[in-house]
Amino acid sequence: MASINRLIAMLESLEDDLVVCMRCGMCQSVCPLYRETRLETDVARGKLAILDGLRNALFEKADGVAKRLQRCLLCGACQAQCPSGVKSVEIFLKARAIISEYQGLPPVKRFILRKILAVPERFHRVMNFLAHCQKLVFKDTNSLSGTSCARIPVPLLGKRHITPLAKKPFHERVPSMYRQSSEGPTVAIFIGCLIDRVFPSVGEAVLKILSKVGAGIYLPGGQLCCGIPALSAGDWATFRNLVRKNAEVFSGEKFDVLVTACATCTAVIKEVWPVMMDDEPPAVFGKIRKISERTVDITEFMIKYGLVEKGKKLSGHLKVTYHDPCHLRKSLGIWKEPRAILDSLDRYTFVEMADADACCGLGGNFGLEHEDLSEGIGLKKAQSVIDTGVDVVATTCPACMIQLSDMLSKLGSGKPVKHVVELYVDGL
Amino acid sequence: MSEKPIVKDLKAILGADSVLTAPEDKVAYSYDAAVVEPVIPIAVVQPKSEKKLGKVITYCYRYGVPLTVRGAGTNLSGGTVPHENGIVVLTGRLDKIIELNVEDMYAVVQPGVITARFARTVEEQGLFYPPDPGSQAVSTLGGNVAENAGGLRGLKYGVTRDYVMGLEFFSAEGDLIKTGSRTVKCVSGYDLAGLLVGSEGTLGVISRIILKLIPYPTARMSMMALFADLLSASQSVAEIIAARVIPATLEFMDRFTIDAVERFSRAGLPTDVEAVLLIEVDGHPAQVEDEAKKVESICRKCGALNVRTAKNDEERDKIWEARRSALSALAKLRPTVVLEDATVPRSKIPQMVQAIEEISREFNVQIGTFGHAGDGNLHPTILTDKRDHDEWKRVESAVEAIFDAALKLGGTLSGEHGIGVAKAPFLYKEVGRASIKYARRIKGALDSRSILNPGKVLWLNDCHRE
């Protein structure tokens, strides 16, 4: 009991945010997980209630609350439509961090996060090794979507149809770049782990786009993960470490804008970095805030800098639909921009799918830890895609791309899944 | 009987995966959307079929275990807060639309079907299910029937009661009771559905509902009228109805609410007005056009500063966005929100709004009022922080004063939220003790072991629990 009091004291910082929830239950209408299970602890209201319960000493141990907090995609749908303005995602991230600080991280997670993810050289060595031996472990399941599944049981991957790692990651193709521009803005690029390792062609498309507008390019080497896998696992220390190092990496040159082609990275840098790092020394926080304020999603950048001309559209012979990544639409309110880009492509005709903004079900760690739930949500998404009868599905988040390919492949559909910028540069 | 064997038996009946007993899960079912004390149940069950639901009730009857049925837990009077020795029965897995009959215009549904989903589904068939409680995006039809939920369209289209053609429900003993039918007319036996609707889970457990549907109106038109004083807004309402125009929705917002909405959403509402009416007429296109013109000229004649008519869907959405965001905008001002629904005869709205303003001053609490002007159902919304004990005491006094004011004007404690536990201490003031004793005799006869949501509604005075 004495030690739970320590946790209760640690949770005190959340009180003012927790009392904002008036238990109206409207979050039930948008929560992708609740739709599957109809269970109260799977939706924000229930999670906030048990966190409040933990704070009010209703439980002897933190395990039960911790376990239920992990059952969340962190998609932010609840927060986006909460009548009272509860900052649920921020609360859940902080609560996960506080509870795991109190309990300690499980050894395997601790090892992966602190000894691999947080150390770039080691991270790249491990990933290179995995890229090298993946052919031995996986067999192709779908040549069109390019997914494979494990020949032998691999922990965490389960029955997933996974998109393989690229033979040569983006940072080996383009280790760093700095190009000044006489007139246009100087644009920094944050690449993100999944684009680097799984979809380097998306990174290359971003470079092409920036070249097209004649922007200055600032691509510093040594970039690290944005930190969200660590934070969502409750590892605040590794998250802080990664953010600090990233802030250092991007402090070499001046830039006007920072773009990413990963919806999650954009949302994390823009929304999560400033609120989770505001107790850093002013000099460090200043750097973080500067990056954060300048960060925009690549599609928003493209619209802002006039890459999409209106009114010259032909009716394309290929049909394309668009999946809204939660972190772009629900966190940042960006949904018109990618559609405007797709709409402008001569080869394509845009078709809206049902529930385009429904979560794909991956949610980072969630997809690995709750494969069955993730699949339940994901298969509905894939069915919406198939129902449109499109030739290709586009999105703006590499994690969504992996999940969509997995789910489409499981339904026996080989529809290619592409990033919006890939389709854009195809037409250049 | 103690907790452990009950849990064991329930698991044997339903399967272990349908019975929740972890302390965290129980805490998550200790509350609903009302500001009342939470009560932790001994277990939570989620039956996957109507048959299993019946078995749970039979079991509870045999061992005298209280049960509280829960749909989405959006109740605003504490009706879904369980009994401390009881279980919570979830209807989330009973969520099938069993039959949607377009020809005969009815639907048969299970209690866990979500209201808005149902409304959308019937709309796709060109049909209309009008009851639209504020929580319709999440609320369940079972909950709507048990609470006789209302909504914005009450004046023209009525409330949930007006759409219930028949029910199947389990009695306290677990017997399946059928009442009503798929026909428009039916006088076979007692109107038990009439008894069950609005009984707040105290007389039976609903397992199937037959709902009436009507044709979807082919046209609609929305207007927003601004007033410099309350009286001219209220006069407009009276004159609209006197002119034999029954709008589908006729909503009201007071100055405090308008200010909050404007600050919150910058919807372009002028903040120097005392009242806003939001009006929608629907029906046949010719009739809609005619009625819209009438409404506009009546509002102007009664002194409206301005009347805006939506010219397209976008403008219509903008008008209703202002109303939809009312609760949200108010809720963001303070941590605790007490949403009341005292209702008065339509013509008494100005007196009621005035009374609420006086109460706000007298008890020094913030109150924003909006609501359904067409049917006199107002939502005085008290903004507070429950952690401030002194303020909370004043809020409780203010709530009681609001009830008294509504009753004095010939109104009711609750237009659509139900009595539950939050209003149970005051029920005698409205209906008298004899009425409560009469209702208790019904309750006693139908639920001899007092297992169906006990402790709700029927308090004989301001402190007595069953």
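Residues numbered from 1 in each chain as written. Chains lettered and ligands numbered in written order. Predicted model: local features only at pLDDT ≥ 70, side-chain atom pairs only at ≥ 80, totals over all residues. Heavy atoms only, no water.

Caption draft 1: Structural detail: the side chain of Thr260(A). Residue and element names in this part refer to chain A. Among the structural elements, Thr 260 can be located in strand E6 (residues 257-260). Judged by its relative accessible area of 1%, Thr 260 falls in the buried class. Beyond its immediate chain neighbours, meaning those up to four positions away, Thr 260 contacts Phe 190, Cys 265, Thr 266, Ile 269, Thr 295, Val 296, Asp 297 and Ile 298. (Helix = DSSP H or I, 4+ residues; strand = E, 2+ residues; numbered from the N terminus. Buried < 20%, exposed > 50% of the residue type's maximum accessible area, 1.4 Å probe, protein only. Contact = heavy atoms within 4.5 Å.)

Caption draft 2: Broad picture of the environment of Lys418(A). Residues and elements named next belong to chain A. As for its position among the elements, Lys 418 is in strand E11 (residues 417-419). With relative accessibility at 31%, the residue Lys 418 sits in the partly exposed group. As for Lys 418 and Leu 404, which are separated by 14 residues in sequence, their C-alpha atoms are 9.9 Å apart. Leaving out residues up to four positions away in the same chain, Lys 418 has contacts with Val 392, Val 393, Ala 394, Thr 395, Met 401 and Leu 423.

Caption draft 3: Structural context of empty space enclosed by the protein. Residues and elements named next belong to chain A. Inspection of the entire model under this criterion finds four cavities of 30 Å³ or more. Considered as a void within the structure, the largest cavity measures approximately 140 Å³ in volume. Every residue lining the largest cavity is counted, 16 residues in all, and those nearest its centre are Cys 31, Cys 72, Leu 73, Cys 75 and Cys 78. Mapped onto the lining of the largest cavity, the elements with two or more residues apiece are helix H3 (32-37), helix H4 (44-55), helix H6 (77-81) and helix H7 (88-103). When grouped by side-chain class, the residues that make up the lining of the largest cavity number 13 nonpolar, one polar and two charged. By volume, the second largest cavity is sized at about 110 Å³. (1 Å grid on protein atoms, 1.4 Å probe; cavity = no way out; pocket = protein on both sides within 12 Å on 5 of 7 lines; lining within 4 Å. Points joined across faces, edges and corners; volume = space filled by probe spheres on them. Nonpolar A, V, L, I, M, F, W, Y, C, P; charged D, E, K, R; others polar.)

Caption draft 4: Representation of a negative patch on the surface within the structure. Residues and elements named next belong to chain B. Together, Asp 313, Glu 314, Glu 315 and Asp 317 make up a negatively charged patch on the protein surface. Note on placement: Glu 315 falls in helix H11 (residues 313-324). According to the relative accessible area criterion, Glu 315 is partly exposed, its value standing at 31%. (Patch = residues over 30% accessible without salt bridge, like charges linked within 9 Å, V, L, I, M, F, W, Y side chains within 5 Å. Areas by Shrake-Rupley, 256 points an atom, 1.4 Å probe, with all protein chains shown as cover. Salt bridge = Lys/Arg side-chain N within 4 Å of Asp/Glu carboxyl O. Lys, Arg positive; Asp, Glu negative; His and termini not counted. Charge placed at Lys NZ, Arg CZ, Asp CG, Glu CD.)

Caption draft 5: Local environment of unusual backbone geometry. The backbone of Ala57(A) shows a phi angle near 60°, a positive value even though the residue is not glycine. A positive phi angle is found at Ser450(B), which is not glycine, with a value near 50°. If you trace the backbone, Ser450(B) turns up in the segment after helix H16 (433-446).

Caption draft 6: Broad picture of the state of the cysteines. Residue and element names in this part refer to chain A. Throughout the structure, instances matching the rule amount to zero disulfides over all chains. With no disulfide of its own, Cys 78 lies 6.2 Å from the sulfur of Cys 75, the closest cysteine sulfur. In this structure Cys 326 is a free cysteine whose sulfur lies 3.8 Å from that of Cys 359, the closest cysteine sulfur available. (Disulfide = S-S within 2.5 Å.)

Caption draft 7: Local environment of the environment of Val69(B). Residue and element names in this part refer to chain B. Along the chain, Val 69 falls in strand E3 (residues 67-70). Sequence-wise, Val 69 and Val 108 are 39 residues apart; in three dimensions their C-alpha atoms are separated by 20 Å. Contacts of Val 69, omitting those with residues within four sequence positions, involve Thr 80, Val 89, Thr 91 and Val 205.

Caption draft 8: Broad picture of the domain arrangement of chain A. Residues and elements named next belong to chain A. What the domain assignment lists for chain A is domain 1 (2-103) and domain 2 (308-426). Placing the centre of domain 1 and that of domain 2 at their C-alpha centroids yields a distance of 30 Å. The interface is formed by 13 residues belonging to domain 1 together with 15 residues belonging to domain 2. With both sides pooled, the region where domain 1 packs onto domain 2 buries about 1100 Å², and carbon together with sulfur makes up 66% of that total. Sorting the residues of domain 1 by area buried against domain 2 places Glu 36, Leu 73 and Cys 75 first, and these three jointly supply 46% of that buried surface. Between the two partners, domain 1 and domain 2, sit one salt bridge. Taking the shortest distance from any N to any O, the salt bridge between Glu 36 and Lys 380 comes out at 2.2 Å. Among the secondary structure elements, those contributing two or more residues to the side of domain 1 that touches domain 2 are H3 and H6. Top contributing element to the side of domain 1 that touches domain 2 by residue count: H3, with four residues. Residues that form the side of domain 1 that touches domain 2 fall into these classes: eight nonpolar, three polar and two charged. (Domains from an automatic or database assignment. Buried area = accessible area lost by both parts, 1.4 Å probe.)

Caption draft 9: Focus on the packing of aromatic side chains. Going through the model one piece at a time under the given rule, you end up with 13 aromatic pairs over all chains. Each ring, one from Tyr218(A) and one from Phe255(A), has its centre 6.0 Å from the other, and the planes form 35°; the classification is tilted. Residue Tyr218(A) is found in strand E5 (residues 216-219), and its partner Phe255(A) is found in the loop between helix H14 (236-249) and E6; the two are separated by 37 residues along the sequence. For Tyr218(A), a relative accessible area of 4% translates into the label buried. An aromatic cluster of at least three residues, connected via ring pairs, comprises Tyr178(A), Phe190(A), Tyr218(A), Phe250(A), Phe255(A) and Trp273(A). Over the ring of Phe255(A) we find Lys290(A), and its NZ or CZ is 5.8 Å from the ring centre. Here the guanidinium or amino end of Lys212(B) rests over the ring plane of Tyr163(B), the centre of that ring lying 5.4 Å away. (Phe/Tyr/Trp six-rings, centres within 6.5 Å; stacked < 30°, edge-to-face > 60°. Lys NZ or Arg CZ within 6 Å of the ring centre and 35° of its normal.)

Caption draft 10: Fine view of the sheet that holds strand E10 (residues 205-212) of chain B. All names here are of chain B. Here we have five strands laid out as an open sheet, ordered E5-E6-E10-E8-E9, and antiparallel in their pairing. Looking along the sheet, the strands with just one partner apiece sit at the ends: strand E5 (97-101) and strand E9 (176-180). Each strand of the sheet is rotated relative to its neighbour by a mean of 10°, with strand direction disregarded. Relative to strand E6 (residues 106-109), E5 runs antiparallel, the two sharing four bridges. Across the sheet, the residue bridging to Leu 100 is Ala 107, located in E6. (Pairing = 2+ DSSP bridges. Axes fitted to C-alpha atoms, helices over the stretch in contact; angles between N-to-C directions.)

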